[in-house]
Amino acid sequence: MTDRYQAKAIEEKWQRIWEEEKTFQVREDSGKPKYYVLEMFPYPSGRIHMGHVRNYSIGDVVARYKGMRGYNVLHPMGWDAFGLPAENAAIERGIHPEAWTQENILYMKNQLKRMGLSYDWQREIATCDPAYYRWNQWIFLQFYKRGLAYKKNSAVNWCPSCETVLANEQVIDGVCWRCDSTVTQKELDQWFFRITDYAEQLLADLETLTGWPDKVVTMQRNWIGKSVGAEILFPLIGREGALKVFTTRQDTVYGATFVSIAVEHSSALALSQGTGQERVVKEFIDRIKQTGQAARGAEDAEKEGVFSGAYCQNPFTGEQIPIYLANFVLMEYGTGAVMAVPAHDQRDFEFALKYQLPIRVVIEPRGKHLTPEELTEAYVDEGVMVNSGPFSGLSNTDGKEQIVTYLEERGWGNKSIRYRLRDWGVSRQRYWGTPIPIIYCEKCGTVPVPEDQLPVTLPTDVPFSGKGGSPLLESKTFLSARCPQCGGAGRRETDTMDTFVDSSWYFLRYASPRFDSAPFDYQNAGYWMPVNQYIGGVEHAVLHLLYARFFTKALRDIGSAPVGEPFTNLLTQGMVSKETYRCSEHNWLFPGELVGSEREGWRCPRCNRPVEKGRVEKMSKSKKNIVDPEDLINRYGADTARLFTLFAAPPEKDLEWSDQGVEGAYRFLTRLWRFVGQHEELMRSVSSTLVEEELPPELREIRRAIHKTIKKVTDDIESRFHFNTAIAAIMELFNRLSSIAQDQQTLKEGVALLKGGLEAIILLLSPFVPHVANELWVQLGHSRPLDQMPWPIHAESALEEEQLLIVVQVNGKVRGKITVAADIDQASIEQEALHDQRVKHFVDGKKLQKVVYVPRRLVNIVVEG
Ligand SMILES: [Zn+2]
Ligand SMILES: [Zn+2]
Ligand SMILES: [Zn+2]
């Protein structure tokens, strides 16, 4: 064994062995409990980044640990391979998206292999493979048959830069989730998935997801946004019909002094006809429609409106009240019309002040009178109803229920439940995605492609001009198709599916990745599903994670999937961040290009101005604070990269990059390596022991530390994956253990314990740093590979604090016995002896001359007389 820790050689050796021996290939095995651990699969962008390294290192520890605990572990990897960057590469560089994607997959797969991750590569999938996306199409057809997929013309979110439609979940604070462009509205014919059919189930089953972070559950609950309230009809004055409003505060209906409607409301323009308000209303509608819905709905957005010229009647008060168009009322939610109660709704309050509309208090806090004049903001809390006809005096919560009954009896409206969740728009006007399997025939209309004609594959005769519009429109081979029903000429749907469709069921595909008569084999999926531990970024909380739950439920209802929830436990790992450097003139700078030094201060290489050390921010190319994992692995090895990322922070917290941290991880592995090398010969000559052997007291203490560490590391991994504290405990144990070797006598007595302790350390470390652990295991003389070893189990007996029985003499005669913990100091033992009840009898009132302590055996108290 060489003295130097050569990570590269060790890692290549073990990666080869794992590949040759198919160490991580799994089959269904009913004799073993299963464990399915999955990290969110990557988009093949070209290279892995530190976020990937962290995500996959976490997953790999879980997979390897569970394997050692006797589970049959499924740990697969694949590629979320459709998406815009491939198409943009085609436009910019003339490479076909397919070629670009495959090249990237190859490169990144090699990078992942260099990390020593325990994937079953036999199960690798890529969503751009027709053998995979064929099943997207099949699922689409099943949804279509059941009315879960439908087409409608609607105003949709449009990203002008990506030139495609976005789902609501993909518009974050009014901008595109992918490119941060401001999203606009556009009317288009679009395919939708009816996720709203599952709103109640998606909401109710959140209760069962006790293994998910609270924040993700809360985000989904808010996104689904259930509200229980009432629909109330406000009859129009001087014309037919009524405005239907939706409210969750029907208890405030007596305070409704006007009605606000959305600019998209079907009556918005018509209401102004013949009132003289036509022109201003039209202008207002045109102007507001151009603003994105999200921007208008924002809490702090300026509230604006215009009088429609029309009135309606509040059925409860009988009053005529004006109808306004307001920018903050959205068609998306409710009915596009709201009863405005300025005294008890902040937006209505601001609006009423701005347009001088009446404010009427109808809820008061208990024991306090409120007048509109003294209100500085809306009173939105619970209270007692006032100015509310027969309901005055009731608590507003009772009033809510009674008003629903009252209006239902009179035919003024009904109880109503609404969700914020909208149907999922899945049409994308781009090339690199799954073609939607639909043919339009002039005679037969919309005709689904028969299942036996799947997959509808992407054509290759497509120009990538970047001029907008789907490239599929340009393909002659693709566009025209025979109608499956009448055989006449038909035209194919040119929209492709949102790439989030691909990732909504890939975890099921891993159960039987080559299955070709259904998306996945029901039996195999029944064995592996649900995923026991899913790991990925929190940015997917209402995108991927909601869609995947919807798909799993819909597939279960179709009879395809054996479960209704895909992921039992979810871990959302924190970001990897690093300090940034910024010149006031030249913006972000790489640390490597700075001039000067830490001590004199850094300066800009271009303008020589002092550079401010900026905040610690998420690693990103634009902020020039990235570290390329490949450089890290080349320099220190994969085990160091893994150890650093796992040791630097608990998985769910942000990890701040530190060069010293990386070096520290490397130094620890080097020290361990050298230590084993130095004592290898000696240790090979003995068998290890951790329990029975009789040991001198200092060694017994070390043995106790070994068992305590085994217990702690196990607990840390089992509960919440506290890998950082687990690693810290192992490092501490190693320090303690190496003290055995400092003294020849102790080493002689303790070599078997030392070997046992080192074996424990290597086993405990193996999920974190599998290459070096495997190599050290061999060095210790084992023929059975580490990969087949069970996880070490601590012995309760070895944990017990040792007790000593000490004889207490007074002037040489035995007068008592005391029991003390073995590791307490001499002074404490003497105190205990002096305070023993029986001993006190012989000592009290006499002058103490001295106390003699014979270690671990007796205390002799010498007194006068
Ligand atoms: Zn975009
Ligand atoms: Zn036809
Ligand atoms: Zn500069």
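Everything here concerns the structure above.
Below: a short report on this structure. For clarity, every value in this text was computed on a predicted model and none was experimentally measured. (Residues numbered from 1 in each chain as written. Chains lettered and ligands numbered in written order. Predicted model: local features only at pLDDT ≥ 70, side-chain atom pairs only at ≥ 80, totals over all residues. Heavy atoms only, no water.)

Observations regarding the coordination of the zinc ion (ligand 1)
- Taken together, C159 (SG), C162 (SG), C176 (SG) and C179 (SG) make up the protein donors of the zinc ion (ligand 1), found 2.2 to 2.4 Å from the metal.
- Here the zinc ion (ligand 1) binds 4 donor atoms, and the angle range of 102 to 117° at the metal identifies the geometry as tetrahedral.
- Summarised as a motif, the one-chain spacing of the donors to the zinc ion (ligand 1) is C-x2-C-x13-C-x2-C.
- Accessibility expressed as a relative area gives 0% for C159, which makes it buried. (Donors = N, O, S within 2.8 Å, 3.2 Å for Na, K, Ca; no water. Tetrahedral: all angles 85-135°; square planar, octahedral: opposite > 155°, others 65-115°. Buried < 20%, exposed > 50% of the residue type's maximum accessible area, 1.4 Å probe, protein only.)

Some details on the sheet that holds strand β14 (residues 320–326)
- Judged by pairing direction, the sheet is mixed, and its 4 strands sit side by side in the order β13-β14-β12-β15 without closing on themselves. Where the open sheet ends on each side, the last strands, each with one partner, are β13 (305–313) and β15 (337–340). Across the sheet, the mean angle from the axis of one strand to that of its neighbour is 30°, orientation sign disregarded.
- In terms of strand pairing, strand β12 (residues 258–261) meets β15 through 4 bridges, oriented antiparallel. Of the residues in β15, the one forming a bridge with I261 is A337.
- Relative to the sheet, helix α8 (residues 278–289) contacts β13 and β14, its axis offset from that of β13 by approximately 120°.
- Across the sheet, helix α10 (residues 346–355) lies against β12, β13, β14 and β15, angled at about 105° from β14, the strand it touches most. (Pairing = 2+ DSSP bridges. Helix = DSSP H or I, 4+ residues; strand = E, 2+ residues; numbered from the N terminus. Axes fitted to C-alpha atoms, helices over the stretch in contact; angles between N-to-C directions. Contact = heavy atoms within 4.5 Å.)

Notes on the packing of helix α1 (residues 7–20) against helix α22 (residues 770–779)
- One way to put it is that α1 packs onto α22 with a least axis distance of 9 Å and a crossing angle of 90°. Here α1 lies roughly perpendicular to α22, going by the angle between them. Residue-level contacts link I10, E11, K13, W14, Q15 and W18 of α1 to P770, H771, V772, N774, E775 and V778 of α22.
- Residues belonging to the contact of α1 with α22 are distributed by class as follows: 6 nonpolar, 3 polar and 3 charged. (Parallel < 35°, antiparallel > 145°, perpendicular 65-115°, else oblique. Nonpolar A, V, L, I, M, F, W, Y, C, P; charged D, E, K, R; others polar.)

Considering the pattern of salt bridges
- Taken as a whole and assessed by the stated rule, the structure comprises 40 salt bridges.
- E451 is the salt-bridge partner of K145, the closest N and O atoms lying 3.4 Å from each other. Here the residue K145 occupies a position in helix α5 (residues 130–145), and E451 occupies one in the loop between β22 (445–448) and α12 (476–479), the gap between them amounting to 306 residues.
- On the basis of relative accessible area, K145 is assigned to the exposed category, the value being 58%.
- With a closest N to O distance of 2.9 Å, E565 and K553 form a salt bridge. One end of the pair, E565, is in the loop between α15 (544–558) and β27 (567–572); the other, K553, is in helix α15, with 12 residues separating them in the sequence.
- Each of D60, R64, R642 and D787 takes part in salt bridges that share partners, so that together they form one network. (Salt bridge = Lys/Arg side-chain N within 4 Å of Asp/Glu carboxyl O.)

Notes on the coordination of the zinc ion (ligand 3)
- For the zinc ion (ligand 3), every protein donor is listed as C583 (SG), H586 (ND1), C604 (SG) and C607 (SG), and the spread of their distances is 2.1 to 2.3 Å.
- Between the 4 donor atoms coordinating the zinc ion (ligand 3), the angles at the centre fall across 103 to 117°, so the site counts as tetrahedral.
- For the zinc ion (ligand 3), the donor residues sit on a single chain with the sequence spacing C-x2-H-x17-C-x2-C.
- Looking at C583, the relative accessible area reads 1%, which means it is buried.

Section: the sheet that holds strand β19 (residues 424–425)
- Ordered by their spatial adjacency, 4 strands build an open sheet running β6-β5-β9-β19, and the pairing between neighbours is antiparallel. Two strands close off the open sheet at either side, each with one partner strand: β6 (164–166) and β19.
- Taken together, the 3 bridges between strand β5 (residues 149–159) and β6 define a ladder with antiparallel strand orientation. Paired with N157 across the two strands is L166, which belongs to β6.
- Packing of α5 onto the sheet brings it into contact with β5 and β9 (184–193), and relative to β9 it is tilted by some 90°.

Focus: the environment of K813
- Structurally, the position occupied by K813 is in strand β35 (residues 813–821).
- Separated by 48 residues in sequence, K813 and I861 place their C-alpha atoms 9.4 Å apart.

A closer look at the environment of Q320
- Relative to the elements of secondary structure, Q320 occurs in strand β14.
- Residues in contact with Q320, not counting those within four places in the same chain, are I237, Y311 and C312.

A closer look at the side chain of Q15
- Structurally, Q15 can be placed in helix α1.
- Residue Q15 is classed as buried on the basis of its relative accessible area of 16%.
- In contact with Q15, not counting residues within four places along its chain, are K113, R114, M115, G116 and H771.

Some points on the packing of aromatic side chains
- Throughout the structure, instances matching the rule amount to 55 aromatic pairs.
- The interplanar angle of 80° and the centroid separation of 5.8 Å between the aromatic rings of F328 and F351 together place this pair among those described as edge-to-face. Placement of F328 in the loop between β14 and β15 and of F351 in helix α10 is noted, with a sequence separation of 23 residues between them.
- Seen in terms of ring centroids, F507 and F567 are 4.9 Å apart; in terms of plane orientation they differ by 70°. Their pairing is edge-to-face. Here the residue F507 occupies a position in helix α13 (residues 506–509), and F567 occupies one in strand β27, the gap between them amounting to 60 residues.
- Looking at F507, the relative accessible area reads 0%, which means it is buried.
- Ring pairing ties together the aromatic residues F140, F143, Y144, W177, W191, F193, Y198, W424, F500, Y547, F550 and F551, which thus form one cluster.
- Taking the ring centre of W18 as reference, the NZ or CZ of R64 above it sits at 4.6 Å. (Phe/Tyr/Trp six-rings, centres within 6.5 Å; stacked < 30°, edge-to-face > 60°. Lys NZ or Arg CZ within 6 Å of the ring centre and 35° of its normal.)

Considerations on the packing of helix α18 (residues 659–684) against helix α20 (residues 723–738)
- Axis separation between α18 and α20 bottoms out at 12 Å; the angle between their running directions is 35°. Relative to α20, α18 is oriented so that their crossing is left-handed. Contact residues: α18 offers F668, R671, L672 and F675, while α20 offers M731, F734, N735 and S738.
- When the residues that make up the contact of α18 with α20 are grouped by side-chain class, the tally is 5 nonpolar, 2 polar and 1 charged. (Left-handed = near helix turned anticlockwise from the far one by under 90°.)

Here we look at the pairing of strand β28 (residues 576–583)
- Of all the 8 residues making up β28, 7 are buried; the element is thus mostly covered by neighbouring parts of the structure.
- Pairing of β28 with strand β33 (residues 655–656), which is carried by 2 bridges, proceeds in the parallel orientation. Paired with S577 across the bridge in β33 is E656.
- With 5 bridges connecting them, β28 and strand β32 (residues 612–618) associate as antiparallel partners. Paired with Y581 across the strands is K613, a residue of β32.
- Examined bridge by bridge, β28 and strand β29 (residues 587–589) share 3 bridges and lie antiparallel to one another. Bridge pairing in β29 places C583 opposite N587.
- Counted between consecutive antiparallel strands, the loop separating β28 from β29 contains 3 residues.

Shape descriptors only; they carry no functional weight alone.
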